[in-house]
Amino acid sequence: MKMKKQNFNPILLGGLLLASAFLSSCSNTDLEKENIDYRTRTITFEVGQGFNESVDEEARSLSEKPDTIYQTFSDGTEIKTVIERDKEINSRIVYTVNEGTKVLAFIIDAASNKIYSIQELTVASGSKITCEVPNFDVQIIFYSNNNTVTPTTKLAVDDHISITGKNNIEYYPANDAMWFKTSTIKPTDSTLGTIRFKHLFSRIRAVVHCDDGILSFQTTLENVACGQGEINVMKGDMQCIYTGNFLSIPMNASFTSSAQAQMSPYSLFIPADDRIPSRFILNNLNGESFSDKYVNVAYDYYSGYSYTFHMYVNIKRKIIWGWTPEYHQWDAKDPYSPDGGVPASGSSSYFNDKTEYAINTCANAPSYDDLIKILNSGVYWDNSGPTWKDHKGNAHRTGVWVMKKRNWVSSPTYTSVNVKQATSDQRNSDEYIFLPAAGFIGKMANESRGTDYMNADSNEDNHIETYASGDPYLQQVGIEGYYWLNRRVIRNGDWSTNQAYMLYFNSSSAWIEGYRNLCYYGMSLWHFEE
């Protein structure tokens, strides 16, 4: 049977062709190359992050042994510094990536080395990420700024992986650029492993060491960090963009208890290409500020690595050995806190009422004869002494300078002396040591000074009863100093049951106190090592 010829309106046919072309164009978005010959599948990866070591780690480690730099300052302070690149045990730990982190996935056609699609992904619960790939060999480049903002890119579908001129510019500290490239993924692959992002920024932390103990420190790294980095997303390479100055990186930390080594958190940075010496500055240690404590270190930093900077500080001792902001009853084993109530008999914070000479915390304190030598060797009041912090953390600078043990004189033998005013001769000399005017714990808050302390006509036994019934009260902080000696007071040939010798001082006088110094007061500890 002969079919009837169909006639089409030329105008209608042209319109249909135009519409078809328009729809076809709309299906090719900027983020995916249409390929109707291949089906796609969804694949899921586990996600982690870490600071990678490069493949030449072994060779590079041979030429990058930690260098130790020593620096001695005019005031006698010594600083030793060591920079170390974190080794495998530290730097290869895989950390999780937060849920909600935005990631760009560049799907690369393994045959043509061109971008097949660019997908905007989000890290899901359980540190997992899912993307769609075609059923042919591909590689995937994952790129993220480690936050909840999707990175931008100049790259487009069909760009070859060797393309230039489409690098990303990332900024410190707003971003934390991370990169990962998979091996070739075949359509038959079912085990895909873990994405472990490589950080393109570097990181560094400070560890400060000091035998005197550390409660806080402030350090700064200079001449090593750029504010911008140019990143080749296809290669995972980053170069510093030098804009005329380097950024300073603060590395600070504070702690609730003292230790001889304390560590700051890590700080990210973009390593500079200009390999000028980096400068590590010690700005503050335990509340004492410095203006001249720094060390210049020639060291090369590489993108994506993790570093630890060690600073060993030996500051010329200025404050007397054994002193802390804590108070003790005479020879008590543990501190007496003004916030903790009056220690009861039998408590470890109660004074030693068993022996004439100290056997606990006052065992190394100066003796009566030692204190006579200390007083007669010179006592100097200073309103601008070394910074010290009281029991509540308030900073003070008041106290007295006394001679170190090696400089004590044997005569005269006065038990009370006038206090002179300190000068730079005492502050800058290695012959003197400083005693903070830390006050004492010695009365109830509602009692006047005269009825409880240093009242020659009072009955001391009544003070024990009265004082024990009230709350401890801290007083004279920053004004006077009270320091236990190593033995009890002798009365008529016998040692007192509730009194011990001590040093008392203020801004005008200092003396041995042996009459109105009750063992249940809370006073400062001290001893001499030189």
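Given the structure is predicted, the values throughout are model-derived calculations rather than measurements. (Residues numbered from 1 in each chain as written. Predicted model: local features only at pLDDT ≥ 70, side-chain atom pairs only at ≥ 80, totals over all residues. Heavy atoms only, no water.)

Caption draft 1: Molecular detail of the sheet that holds strand E25 (residues 416-418). Spatially, E25-E32-E31-E30 is the arrangement adopted by the 4 strands of the open sheet, whose pairing is antiparallel. In the strand order of this sheet, the two ends are held by E25 and strand E30 (481-491), each with one partner. The average undirected angle you get between the axes of adjacent strands in this sheet is 15°. For E30 and strand E31 (residues 494-505), the ladder comprises 7 bridges, and the chain directions are antiparallel. Bridging from a neighbouring strand, tyrosine 482 pairs with tyrosine 504 of E31. Relative to strand E32 (residues 509-513), helix H4 (residues 368-376) is tilted by about 170°, and along the sheet it contacts E25, E30, E31 and E32. (Pairing = 2+ DSSP bridges. Helix = DSSP H or I, 4+ residues; strand = E, 2+ residues; numbered from the N terminus. Axes fitted to C-alpha atoms, helices over the stretch in contact; angles between N-to-C directions. Contact = heavy atoms within 4.5 Å.)

Caption draft 2: Quick peek at the packing of aromatic side chains. Scanning all chains against the criterion turns up 27 aromatic pairs. Put simply, the rings of Trp321, Trp381, Trp408, Tyr483, Phe505, Trp526 and Phe528 touch in pairs and so form one group of aromatic residues. Geometry around tyrosine 266 places arginine 203 over its ring, the cationic atom sitting 3.7 Å from the centre. In this structure, lysine 293 is placed above the aromatic ring of phenylalanine 73, and the distance from its NZ or CZ to the ring centre is 5.3 Å. (Phe/Tyr/Trp six-rings, centres within 6.5 Å; stacked < 30°, edge-to-face > 60°. Lys NZ or Arg CZ within 6 Å of the ring centre and 35° of its normal.)

Caption draft 3: Looking closely at the state of the cysteines. In total, this model carries 1 disulfide according to the counting rule given. Covalent S-S linkage joins cysteine 226 and cysteine 240, the inter-sulfur distance amounting to 1.7 Å. Taking the torsion about the S-S bond as the criterion, the cysteine 226 to cysteine 240 disulfide, at about -70°, is left-handed. In this pair, cysteine 226 is assigned in strand E12 (residues 202-226) and cysteine 240 in strand E14 (residues 237-241), connecting sequence segments 14 residues apart. Each member of the pair, cysteine 226 as well as cysteine 240, carries the same accessibility label: buried. We note that cysteine 362 lacks a disulfide partner, and the nearest cysteine sulfur, in cysteine 519, lies 9.1 Å from it. Accessibility expressed as a relative area gives 0% for cysteine 362, which makes it buried. (Disulfide = S-S within 2.5 Å. Buried < 20%, exposed > 50% of the residue type's maximum accessible area, 1.4 Å probe, protein only.)

Caption draft 4: Broad picture of the side chain of asparagine 232. Its location among the elements puts asparagine 232 in strand E13 (residues 228-232). Of note is the side chain of asparagine 232, whose polar atom sits 3.1 Å from the backbone nitrogen of lysine 235. If near-sequence neighbours (up to four positions away) are discounted, asparagine 232 is found in contact with Asn167 and Asp237. (Polar contact = N/O pair within 3.5 Å; in protein donor to acceptor, adjacent residues only side chain to side chain.)

Caption draft 5: Expanded view of the pattern of salt bridges. This model, assessed by the stated rule, comprises 12 salt bridges. Linking lysine 354 and aspartate 353 is a salt bridge whose minimum nitrogen-to-oxygen distance equals 3.9 Å. Looking at aspartate 353, the relative accessible area reads 31%, which means it is partly exposed. One salt bridge in this structure joins aspartate 430 and arginine 406, with 3.4 Å as the shortest N-O distance. Of this pair, aspartate 430 sits in the loop between helix H5 (424-427) and strand E27 (432-436) while arginine 406 sits in the loop between strand E24 (399-403) and E25, and the two are 24 residues apart along the sequence. The exposure class assigned to arginine 406 is partly exposed, which follows from its relative accessible area of 44%. Within this structure, Lys404, Arg406, Asp430, Glu431 and Glu530 form a network of salt bridges that share partners. (Salt bridge = Lys/Arg side-chain N within 4 Å of Asp/Glu carboxyl O.)

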